[in-house]
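Structural characterization, general
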Amino acid sequence: MRVYIIDGQGGGVGKTVIEKIRAKKSDLDILAIGCNSLATSAMLRAGAKFGATGENAIVYNSKVAEECDVIMGAVGIVCANSFHGELSEKMASAISQSKARKILIPTNKCNVFIGGTYRDSLNECIDQAVTLLFSLF
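A few points on the structure. The structure displayed is predicted, hence computed values, not measured ones.

Looking at the layout of surface pockets
- Counted as a void, the largest pocket has a volume near 540 Å³.
- In terms of lining residues, the largest pocket is bounded by 27 residues, among which Pro-106, Thr-107, Asn-108, Lys-109 and Cys-110 are the most central.
- For the lining of the largest pocket, the secondary structure elements donating two or more residues are α1 (12-24) and α5 (122-135).
- Classifying every residue of the lining of the largest pocket by side-chain character gives eleven nonpolar, 13 polar and three charged.

Below, the structure written as structure tokens:
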């Protein structure tokens, strides 16, 4: 199974997701795609097999859905101008339109709130997302 983890800013959510995936199963192909090099670097250090950075990397890899089973990241990866403007409309559109399954982690940093999750901590939401990943296959 090939999983794309997309993150921006410092890559903290993506880093945590990758660490938790690696703790459960180490043989997954994980591609870390950062909005910036700092995010990509953090995710590579956490155990991603490959890394790519920037708008073109996100757009291109989102369209190559036959190579990707799941795209994971904070809910902001499908919201234009999230991550303080790092995630462009083009990036959000490409991710949203990808044929890959998407597992989104609710955060309130982009003013998107998901009912039923407001009591869960970010760490609990990441745990649930990783559990969901492994239940898909």
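Thoughts on α5
- Along its 14 residues, α5 runs 20 Å from first to last C-alpha, staying within 8% of the 20 Å computed at 1.5 Å per residue.
- Taken together, the buried positions of α5 are Cys-125, Ile-126, Ala-129, Val-130 and Leu-133. One face of α5 carries all of its buried residues, which in axial projection span an arc of 135°.
- Those residues of α5 hidden inside the fold are in contact with β1 (2-7), α1, β4 (70-74) and β5 (101-105).

Digging into the pairing of β1
- Of all six residues in β1, six are buried; the element is thus mostly enclosed.
- In terms of strand pairing, β1 meets strand β2 (residues 29-34) through six bridges, oriented parallel. The partner of Asp-7 across the bridge, within β2, is Gly-34.
- Pairing between β1 and β4: four bridges, direction parallel. Note that in β4 the partner of Ile-5 across the bridge is Met-72.

Things to note about the environment of Glu-89
- Inspection of the secondary structure puts Glu-89 in helix α4 (residues 89-97).
- Using a relative accessible area of 57% as the deciding quantity, one classes Glu-89 as exposed.
- Separated by ten residues in the primary sequence, Glu-89 and Cys-79 place their C-alpha atoms 7.5 Å from one another.

Thresholds, definitions, all that
Residues numbered from 1 in each chain as written. Predicted model: local features only at pLDDT ≥ 70, side-chain atom pairs only at ≥ 80, totals over all residues. Heavy atoms only, no water. 1 Å grid on protein atoms, 1.4 Å probe; cavity = no way out; pocket = protein on both sides within 12 Å on 5 of 7 lines; lining within 4 Å. Points joined across faces, edges and corners; volume = space filled by probe spheres on them. Helix = DSSP H or I, 4+ residues; strand = E, 2+ residues; numbered from the N terminus. Nonpolar A, V, L, I, M, F, W, Y, C, P; charged D, E, K, R; others polar. Expected span 1.5 Å × (residues − 1). Buried < 20%, exposed > 50% of the residue type's maximum accessible area, 1.4 Å probe, protein only. Arc of directions from axis to C-beta. Contact = heavy atoms within 4.5 Å. Pairing = 2+ DSSP bridges.

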